[in-house]
Amino acid sequence: TKLDLDKDVFGWMGGEYTLGMMPVSTGIAAPLGFGGALAIDSTDRAVTDNTMTKLTDLAKGSGFSVEQRQVGSTKVFDLKAPAGQGTILSYGWLSDKSLLLAMGDGLMDKITTHAGESIERSPGFTNALGSMSSSKQSYAYIDIEKVFGLVNSKMGAIAGKNIPADVNAMITSIQGLGMSSTQPDKTTNQFEALLTLKP
């Protein structure tokens, strides 16, 4: 790949990162039912751009194509699979320091234009994380209701036959799961988890 792992990959990753998984219904990720997005803060945009150029050049040499387009104020690069199979990965800069990578048709457009449902306004998200410390170093939220609905839609009758009734009743009563970690001092790590239940 002609990439130096320290300098070209990990060297510029000096800030926060966010990972999200969202439902998709079209494109290469449609059979799975979900795609993913990763936002990474960069401490050196020039090095990051150079790394992404090297990776896209490598992909082009393997039969992939790269298309450039504008989504709102964001310049987006789409890595397309050979033979018109669709977009494998899209990437673009959300800000001067935040690079977004998305796998799944339409996710880049939804995230960069703030179209669609926002997790920050989701009652499940605010209920699960609202009571936790505001000084959290990291946190995670899983919308159990949506994840289980997605699994059921993809596995259908198989899931219904294999999940015992009492386990199914317990899972379907959960709305979401929030987790956070903090380090109040050098010798203490705290972890919190909160399950929110349907009314």
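Here the structure is shown first, and the text comes after it.
In what follows, the accompanying structure is described. Because the structure is predicted, anything quoted here is derived from the model rather than measured. (Residues numbered from 1 in each chain as written. Predicted model: local features only at pLDDT ≥ 70, side-chain atom pairs only at ≥ 80, totals over all residues. Heavy atoms only, no water.)

1. Quick look at the overall build of the chain
Step number 1: A count of helical and extended segments in the chain gives seven helices and nine strands.
Step number 2: Per-residue burial for the chain yields a buried fraction of 30% across its 199 residues.
Step number 3: The long-range fraction of contacts in the chain, counting pairs at least 24 apart against all pairs at least 6 apart in sequence, stands at 51%.
Step number 4: For the chain, the accessible surface area stands at approximately 12,500 Å², while carbon and sulfur atoms represent 58% of it. (Helix = DSSP H or I, 4+ residues; strand = E, 2+ residues; numbered from the N terminus. Buried < 20%, exposed > 50% of the residue type's maximum accessible area, 1.4 Å probe, protein only. Contact = heavy atoms within 4.5 Å. Areas by Shrake-Rupley, 256 points an atom, 1.4 Å probe, with all protein chains shown as cover.)

2. As for helix 2 (residues 45-61)
Step number 1: Compared with the 24 Å implied by 1.5 Å per residue over 17 residues, the 24 Å span of helix 2 between its first and last C-alpha is a close match.
Step number 2: All buried positions along helix 2 are accounted for by Val47, Thr48, Thr51, Met52, Thr56 and Ala59.
Step number 3: Contact partners of the buried residues in helix 2: helix 1 (5-10), strand 2 (34-42), strand 3 (65-71), strand 4 (74-80), strand 5 (87-93) and strand 6 (98-103).
Step number 4: Just beyond helix 2, the residue with positive phi is Gly63, at close to 100 degrees. (Expected span 1.5 Å × (residues − 1).)

3. Details of the environment of Glu67
Step number 1: Position of Glu67 among the secondary structure elements: in strand 3.
Step number 2: Exposure remark for Glu67: the relative accessible area of 42% places this residue in the partly exposed category.
Step number 3: Not counting residues up to four positions away in its chain, the partners in contact with Glu67 are Val76, Phe77, Asp78 and Lys80.

4. Topic: the pattern of salt bridges
Oppositely charged side chains are able to pair whenever their charged atoms sit close together.
Step number 1: Applying the stated rule across the entire model yields seven salt bridges.
Step number 2: Put simply, Arg45 and Asp49 hold a salt bridge, and the shortest N to O gap is 3.7 Å. Linking Arg45 with Asp49, this pair stays in helix 2, spanning four residues, or about one helical turn.
Step number 3: We note a salt bridge from Asp109 to Arg69, for which the minimum N-O separation is 3.0 Å. Highlighted residues: Asp109 in helix 3 (residues 107-113) and Arg69 in strand 3, separated in sequence by 40 residues.
Step number 4: Here Asp109 falls in the partly exposed class, since its relative accessible area comes to 28%.
Step number 5: By relative accessible area, Arg69 is classed as partly exposed at 29%.
Step number 6: Three or more residues joined by partner-sharing salt bridges are found here, namely Arg45, Asp49 and Asp96. (Salt bridge = Lys/Arg side-chain N within 4 Å of Asp/Glu carboxyl O.)

5. Some details on a nonpolar patch on the surface
Step number 1: A contiguous nonpolar patch, built from Leu5, Phe10 and Met13 and spanning about 290 Å² of accessible area, is present on the exposed surface.
Step number 2: Looking at the secondary structure, you find Phe10 in helix 1.
Step number 3: Accessibility expressed as a relative area gives 47% for Phe10, which makes it partly exposed. (Patch = residues over 30% accessible without salt bridge, like charges linked within 9 Å, V, L, I, M, F, W, Y side chains within 5 Å.)

6. Overview of the packing of aromatic side chains
Step number 1: Under the defined criterion, the tally for this structure stands at three aromatic pairs.
Step number 2: The interplanar angle of 20 degrees and the centroid separation of 5.1 Å between the aromatic rings of Phe77 and Tyr91 together place this pair among those described as stacked. Taken together, the residues Phe77 in strand 4 and Tyr91 in strand 5 connect sequence positions 14 residues apart.
Step number 3: Look at Tyr91 and you get buried, because its relative accessible area is 10%.
Step number 4: Aromatic pair Phe125 and Tyr141: ring centres 5.6 Å apart, planes at 90 degrees, arrangement edge-to-face. Here the residue Phe125 occupies a position in helix 4 (residues 123-129), and Tyr141 occupies one in strand 7 (residues 138-142), the gap between them amounting to 16 residues.
Step number 5: On the basis of relative accessible area, Tyr141 is assigned to the buried category, the value being 15%. (Phe/Tyr/Trp six-rings, centres within 6.5 Å; stacked < 30°, edge-to-face > 60°.)

7. Overview of the sheet that holds strand 8 (residues 174-185)
Step number 1: Strands sit in the order 7-8-9 across an open sheet of three strands; the sheet is antiparallel. If you trace the sheet from one side to the other, it starts and ends with strand 7 and strand 9 (188-197), each paired once. Going across the sheet, the axis of each strand differs from the next one's by a mean of 10 degrees, ignoring polarity.
Step number 2: The sheet contact formed by strand 7 and strand 8 spans five bridges and is antiparallel. Residue pairing for strand 8: Tyr139 is matched across the bridge by Ser180. (Pairing = 2+ DSSP bridges. Axes fitted to C-alpha atoms, helices over the stretch in contact; angles between N-to-C directions.)

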